[in-house]
Amino acid sequence: MLHDLNPLAGKRFLAAAALAGITFLGLALGGWIAPIPALVAGLGLVAGLGLLAWRLGRPAGRGEGGGAPTEGSSSPQAARLEALEALLAGLPLPVLQVDQGRRVTLANPAADALFGRVQIERDLVATVRHPLLNEAVDRVLAGETGQETEFVLAGASERVLAARIEPAPVSGNGRPGAVVAFYDMTRVKQADRMRADFVANASHELRTPLASLIGFIETLQGPARDDPDARERFLGIMQEQAQRMARLIADLLSLSRIELNEHRPPTGAVDLGAVLKGLAAALAFRATERQMTIELGVPSPLPGMGGIAAMTELPPVQGDRDELTQLFQNLIDNAIKYGRPGTPVSVACWRVPQTRLQRGMLAVAVIDRGDGIPREHLPRLTERFYRVDKARSRDLGGTGLGLAIVKHILNRHRGRLAIDSTPGEGSRFIVYLPLAAELS
Ligand SMILES: Nc1ncnc2c1ncn2[C@@H]1O[C@H](COP(=O)(O)OP(=O)(O)O)[C@@H](O)[C@H]1O
Ligand SMILES: [Mg+2]
């Protein structure tokens, strides 16, 4: 609802009522001459004018519909006012108006939504209390040009707001006042912080192996110059560290490439059965190193979902083959790394029927029997460099970027990831991918 103290509405009412009165008087006087027809005509006119006065005098913009121009708006000015109010009511930007005494005279619904409820006719601080905002508003009210300020509103959830304050006369009385527009910058600030954190994390991840490389090079140039055993050992460690850096850079590059394309969904049709069979063969060696096996086509872990046992019978999904290979490679690789030696890694596939709201999907679950992941970590697993156990991940050659890559590939594919884990029993990562267009 638009709070309005529109003085024009009252004036219009008075004007229309006065006009109605004068007409009635005129006709009543005329009635002395031709009493009956004049009285009937007069009563009709008064009723018409009264109705008009009521319509004009009704405070526009209140109630349902937020004041869209109504059919009966007879004066162009009234129609324009109503249209302006409708515009303000529909404006997603929170806006309010203050008078010379910093009292709020008008606020739109977006401002109500931002602040809970705007306190009309009270000092701005009753609605939003921050010294930076007050000072900026006061400067404008004192005659300075438009101002901009940014401030943090503490509360249950901290919000960063920017405000733009422009001098503007208060409607109706023409006295100076100001219009304040607010922009919620919370998400922009969060994105800024994430970017800064990401650069810091990436540099840190690269610096560690680099420092170790520099250390070993110096040792080989100095104390270990003539020690063939030490040289062999150190070169082995150096190779490991250099490979770690190469893996990190490869993951960083693929993450940024996927992100760049994220708004453009892939258009190909991918046979996931072939992708999964290829990966099972490629990763079989790593699995046997840990006495593990990869079993494809087990029943769905979700009750009642069945499961497609033959990989040749999977319906094609809409996607990019290389990216989907990278996605499942990361998931199966994690299952091998974090699964208990001697247990199988299972892959289950099933079809999720089309609904009114979404296309038909193919679900693929990668299931391991390992230590599992404590519940509190689940929501953050797909953040870059987030690991449950940093040291363990590094020892296993992880970069901490695998699941972030999975998430971004799924974003691009308009798919979804569900992670479910029972500590002590294992984890399952379920990927949902839209079926190729001609199927759904
Ligand atoms: N199958 C799994 N079982 C247990 N923990 C897992 C599993 N998959 C991922 N994690 C946890 O999530 C973290 C992030 O995974 P990922 O992004 O692939 O990084 P990493 O390079 O460490 O494998 C891992 O460090 C690990 O703590
Ligand atoms: Mg990984």
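Let me begin by describing the structure that accompanies this report. (Residues numbered from 1 in each chain as written. Chains lettered and ligands numbered in written order. Predicted model: local features only at pLDDT ≥ 70, side-chain atom pairs only at ≥ 80, totals over all residues. Heavy atoms only, no water.)

This part takes up the overall build of the protein chain. The helix and strand tally for the protein chain stands at 11 helices and 12 strands. Taking all 440 residues of the protein chain together, the buried fraction comes to 40%. In the protein chain, of all internal contacts separated by at least 6 residues, the share reaching a separation of at least 24 is 61%. Within the structure as shown, the protein chain displays about 24,000 Å² of accessible surface, and the carbon and sulfur contribution to it stands at 59%. (Helix = DSSP H or I, 4+ residues; strand = E, 2+ residues; numbered from the N terminus. Buried < 20%, exposed > 50% of the residue type's maximum accessible area, 1.4 Å probe, protein only. Contact = heavy atoms within 4.5 Å. Areas by Shrake-Rupley, 256 points an atom, 1.4 Å probe, with all protein chains shown as cover.)

This part is about the site of ligand 1. For ligand 1, the set of nearby residues contains 19 residues, the closest of which are Asp368, Ser393, Thr399, Gly400 and Leu403. Ser393 places a polar side-chain atom, nitrogen or oxygen, 2.6 Å from an oxygen atom of ligand 1. Gly400 is positioned such that a nitrogen or oxygen atom in its backbone is 2.7 Å from an oxygen atom of ligand 1. Compared with its free state, where it exposes 530 Å², ligand 1 has 96% of that area covered by protein. (Near = heavy atom within 4 Å. Polar contact = N/O pair within 3.5 Å; in protein donor to acceptor, adjacent residues only side chain to side chain.)

The next thing to look at is the packing of aromatic side chains. A complete count under the given rule lists 3 aromatic pairs for this structure. Relative to Phe385, the ring of Phe198 has its centre 6.0 Å away and its plane inclined at 25 degrees; by these criteria the two rings are stacked. In this pair, Phe198 is assigned in helix H6 (residues 186–221) and Phe385 in the loop between strand S10 (361–368) and helix H10 (390–395), connecting sequence segments 187 residues apart. Measuring from ring centre to ring centre gives 4.9 Å for Phe216 and Phe234, while their planes differ by 45 degrees; the resulting arrangement is tilted. A residue pair is termed long-range when its members are at least 10 positions apart, and Phe216 in helix H6 and Phe234 in helix H7 (residues 228–261) qualify at 18 residues. One cation-aromatic arrangement involves Arg384 over Phe198; the distance from NZ or CZ to the ring centre is 4.6 Å. (Phe/Tyr/Trp six-rings, centres within 6.5 Å; stacked < 30°, edge-to-face > 60°. Lys NZ or Arg CZ within 6 Å of the ring centre and 35° of its normal.)

What follows covers the nonpolar core. The biggest cluster of nonpolar side chains holds 48 residues, and the ones touching the most others in it are Leu272, Leu327, Phe328, Leu331 and Ile332. At the level of elements, H7, helix H8 (272–289), helix H9 (321–338), strand S9 (344–352), S10, helix H11 (402–412) and strand S12 (426–434) are the ones that each hand at least two residues to this core. Composition of this core by domain shows at least three residues from each of domain 3 (188–261) and domain 4 (264–439). Leaving out residues up to four positions away in the same chain, Ile332 has contacts with Leu279, Leu283, Ile294, Val345, Val347 and Val366. (Core = buried A, V, L, I, M, F, W, Y, C linked by side-chain atoms within 4.5 Å. Domains from an automatic or database assignment.)

A cluster of like negative charges, contributed by Asp226, Asp227, Asp229 and Glu232, occupies part of the molecular surface. Structurally, Asp226 can be placed in the loop between H6 and H7. When its relative accessible area of 70% is taken as the criterion, Asp226 is described as exposed. (Patch = residues over 30% accessible without salt bridge, like charges linked within 9 Å, V, L, I, M, F, W, Y side chains within 5 Å. Salt bridge = Lys/Arg side-chain N within 4 Å of Asp/Glu carboxyl O. Lys, Arg positive; Asp, Glu negative; His and termini not counted. Charge placed at Lys NZ, Arg CZ, Asp CG, Glu CD.)

Across the sheet, which stays open at both edges, the 5 strands sit in the order S7-S9-S10-S12-S11 with mixed pairing between neighbours. Whereas interior strands pair on both sides, the edge strands pair on one side only; in this sheet they are strand S7 (293–298) and strand S11 (416–422). Taken over all neighbouring pairs, the strand axes of this sheet differ in orientation by 15 degrees on average, direction set aside. Of the pairings in the sheet, the one linking S7 to S9 comprises 5 bridges and is parallel in character. (Pairing = 2+ DSSP bridges. Axes fitted to C-alpha atoms, helices over the stretch in contact; angles between N-to-C directions.)

So, on to the pattern of salt bridges. In this structure the tally under the stated criterion is 20 salt bridges. Counted as one network, the salt bridges with shared partners bring together Glu205, Arg244, Arg387 and Arg394.

Bringing the environment of Arg122 into the picture now. Its location among the elements puts Arg122 in the loop between helix H4 (109–115) and helix H5 (131–141). Arg122 sits in the partly exposed class, given a relative accessible area of 46%. Counting along the chain gives 24 residues from Arg122 to Val98, while the straight-line C-alpha distance between them is 9.4 Å. In contact with Arg122, other than residues within four places in its own chain, are Arg102, Arg103 and Val104. A polar contact of 3.3 Å, which involves the side chain of Arg122, links it to the side chain of Gln119.

With a phi angle near 65 degrees, Phe385 is a residue other than glycine that sits in the positive phi range. Note on Phe385: relative accessible area 4%, which makes it buried. Even without a glycine there, the phi angle at Arg414 is positive, about 55 degrees. Inspection of the secondary structure assignment puts Arg414 in the loop between H11 and S11.

On to the side chain of Gln318, then. Examined against the element boundaries, Gln318 turns out to sit in strand S8 (residues 317–318). Reaching out from Gln318, the side chain makes a polar contact with the backbone oxygen of Pro266 at a distance of 2.9 Å. Leave out the neighbours within four places in its chain, and Gln318 touches Pro266, Thr267, Gly268, Arg359, His413, Pro434, Leu435, Ala436 and Ala437.

Turning to H5, a few remarks are in order. For an α-helix, the turn length of 3.6 residues means that residues three or four places apart are oriented alike. Listing the buried residues of H5 in full gives Leu133, Asn134, Ala136, Val137, Val140 and Leu141. An end-on view of H5 places all buried positions within 165 degrees of arc, on one side of the element. Positive backbone phi, approximately 110 degrees, marks Gly143, located one or two places after H5. (Arc of directions from axis to C-beta.)

A few words now on the packing of H9 against H11. Orientation of H9 relative to H11, taken along the N-to-C sense of each, is 145 degrees, at an axis distance of 9 Å. Here H9 runs over H11; the crossing is left-handed. Across the interface between the two elements, Glu323, Leu324, Gln326, Leu327, Asn330, Leu331 and Asn334 of H9 pack against Gly402, Leu403, Ile405, Val406, Ile409, Leu410 and Arg412 of H11. Among the residues forming the contact of H9 with H11, the class breakdown is 8 nonpolar, 4 polar and 2 charged. (Left-handed = near helix turned anticlockwise from the far one by under 90°. Nonpolar A, V, L, I, M, F, W, Y, C, P; charged D, E, K, R; others polar.)

Let us look at the pairing of strand S5 (residues 176–184). Looking at chain direction, strand S1 (residues 95–98) and S5 are connected through 4 bridges and run antiparallel. The residue bridging Val98 from the neighbouring strand is Ala178, located in S5. Note that strand S4 (residues 159–169) and S5 share 9 bridges and pair antiparallel. Counterpart to Pro169 in the pairing with S5 is Pro176.

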